[in-house]
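Overview (structure and organization)
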Amino acid sequence: SKLGKKVEVEMEDEYDLKNNIKCQIILRVDPVEGDPSLYCIKIATNYHLFELQKSCVSRSFSSFYFLERIISSYLPSLTQKLPSKPMLWTTSQKTKIHNLTKFLSHLMSRRDILASKAVQLFLQTQLSMEFIKNNLEGRRNDNVIQHKTGKSEKIKEILTIIPKIESTNKENWLKSLLKKPERRRSSSLGDGLVLLGSSVCNILQAVNE
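Residues numbered from 1 in each chain as written. Predicted model: local features only at pLDDT ≥ 70, side-chain atom pairs only at ≥ 80, totals over all residues. Heavy atoms only, no water.

A few words now on the environment of Asn143. When you line up the elements, Asn143 lands in the loop between helix H7 (129-136) and helix H8 (144-148). It is 7.0 Å that separates the C-alpha atoms of Asn143 and Leu121, two residues lying 22 residues apart in sequence. Filtering out sequence-adjacent residues up to four positions away, Asn143 remains in contact with Glu51 and Leu121. Within polar-contact distance, the side chain of Asn143 engages the backbone nitrogen of Gln146 at 2.7 Å. (Helix = DSSP H or I, 4+ residues; strand = E, 2+ residues; numbered from the N terminus. Contact = heavy atoms within 4.5 Å. Polar contact = N/O pair within 3.5 Å; in protein donor to acceptor, adjacent residues only side chain to side chain.)

Averaged over the chain, the pLDDT score is 76; the fraction of residues at 70 or greater is 66%. Throughout residues 149-168 the model reports pLDDT below 50, and contacts reaching past four residues in sequence, or to other chains, amount to 33 contacts. Low pLDDT, under 50, characterises residues 180-201; the stretch is placed with 52 contacts to residues that sit more than four places away or in other chains. (pLDDT = per-residue confidence, 0-100.)

The subject of this paragraph is the pairing of strand S3 (residues 35-45). Burial runs high along S3: 9 of the 11 residues are buried. One ladder, built from 8 bridges, connects strand S2 (residues 25-32) with S3; its direction is antiparallel. By the bridge assignment for S3, Pro31 is matched with Tyr39. The hairpin turn running from S2 into S3, its antiparallel successor, is 2 residues long, and Gly34 in that turn takes a positive phi close to 105°. In the sheet, S3 pairs with strand S4 (residues 54-60) via 7 bridges, with the strands oriented antiparallel. When the sheet's bridge partners are listed, Tyr39 is paired in S4 with Arg59. (Buried < 20%, exposed > 50% of the residue type's maximum accessible area, 1.4 Å probe, protein only. Pairing = 2+ DSSP bridges.)

What follows concerns the pattern of salt bridges. Where charged atoms from two side chains of opposite charge approach closely, those side chains can pair. Scanning the model with the defined rule gives 4 salt bridges in all. Its salt-bridge partner being Asp30, residue Arg28 comes within 2.6 Å of it at the nearest N-O pair. In this structure, Arg28 and Asp30 share a single accessibility class: buried. Across the salt bridge formed by Arg139 and Glu137, the nearest N and O atoms sit 2.6 Å from each other. Residue class for Glu137 comes out partly exposed when judged on its relative accessible area of 40%. (Salt bridge = Lys/Arg side-chain N within 4 Å of Asp/Glu carboxyl O.)

In this section: the environment of Leu136. Checked against the element boundaries, Leu136 lands in helix H7. The residues contacting Leu136, other than those within four sequence positions of it, are Ile70, Lys117 and Ala118.

This paragraph deals with the nonpolar core. Membership of the largest hydrophobic core comes to 41 residues, with the highest contact counts inside it found for Ile41, Phe64, Leu104, Met108, Leu114, Phe122 and Leu123. Elements represented by at least two residues in this core include exactly S2, S3, helix H2 (61-74), helix H4 (93-109), helix H5 (111-114), helix H6 (117-124), H7 and H8. Among residues more than four places away in sequence, those in contact with Phe122 are Ile41, Val57, Arg59, Ser63, Phe64, Leu67, Leu104, Met129 and Ile132. (Core = buried A, V, L, I, M, F, W, Y, C linked by side-chain atoms within 4.5 Å.)

Position of Asn135 among the secondary structure elements: in helix H7. At a separation of 2.8 Å, a polar atom in the side chain of Asn135 contacts the main-chain carbonyl oxygen of Phe131. Apart from the residues lying within four places of it in its own chain, the contact partners of Asn135 are Lys117, Leu121, Leu127, Arg140, Asn141 and Asp142.

For the rest of this paragraph, the subject is the packing of H2 against H4. One way to put it is that H2 packs onto H4 with a least axis distance of 12 Å and a crossing angle of 30°. Here H2 is positioned roughly parallel relative to H4, judged by the angle of their axes. The handedness of the crossing between H2 and H4 is left-handed. Every residue of H4 that contacts H2 at Phe61, Phe64, Leu67, Glu68 and Ile71 is listed here: Lys96, Leu100, Phe103, Leu104 and Leu107. (Axes fitted to C-alpha atoms, helices over the stretch in contact; angles between N-to-C directions. Parallel < 35°, antiparallel > 145°, perpendicular 65-115°, else oblique. Left-handed = near helix turned anticlockwise from the far one by under 90°.)

Two elements in contact, H2 and H7, have axes whose closest approach is 11 Å; the angle formed by their N-to-C orientations is 15°. As far as their axial angle goes, H7 and H2 are roughly parallel. Crossing geometry of H2 relative to H7 is assigned as right-handed. In contact with Ser63, Phe66, Leu67 and Ile70 of H2, H7 contributes Met129, Ile132, Lys133 and Leu136. Here the contact of H2 with H7 is built from residues that sort into 6 nonpolar, 1 polar and 1 charged. (Nonpolar A, V, L, I, M, F, W, Y, C, P; charged D, E, K, R; others polar.)

In structure tokens form, the structure reads like this:
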């Protein structure tokens, strides 16, 4: 059964309004079949702060809490936090997904948080949390495009085009991207780099659709 639910994140930005762009961020979180501790984060957007219009990454349950700690370290006023980890872990998969989705939706609704490199790398790459932390501490300098496309400037151009979306086709915006993830079994390596190859394939397949 489908546990994940498509969520539209409300966002208004002067840049988009000025350029007559209807800003839209659609989020979906689904469990990865074969490993109950992994979750697939799918995003479809035309918001200019995202380097990719379409992305699909797998993140471990623990990594969401790692991200929360990173954000809280420089933004103590973070209002939407996850329930305690031990408590949420013992709940149903449906409850976990609801809370993880709610948490990400809040992060994406705030421009100051969304602009953070940590959030961008978490949402649109398969970089490990350790590597993301190293980026914030200046020991690495990664970017989304580098780790999602890697070898094709043509793909980069396709993914960075920002369309102007009319309200009439709002409901049809990238519906195909938000389907339940394909059946696949992932090894229990959390959100490590081993998932990078398959995720890149997913993005290339979405672009070619």
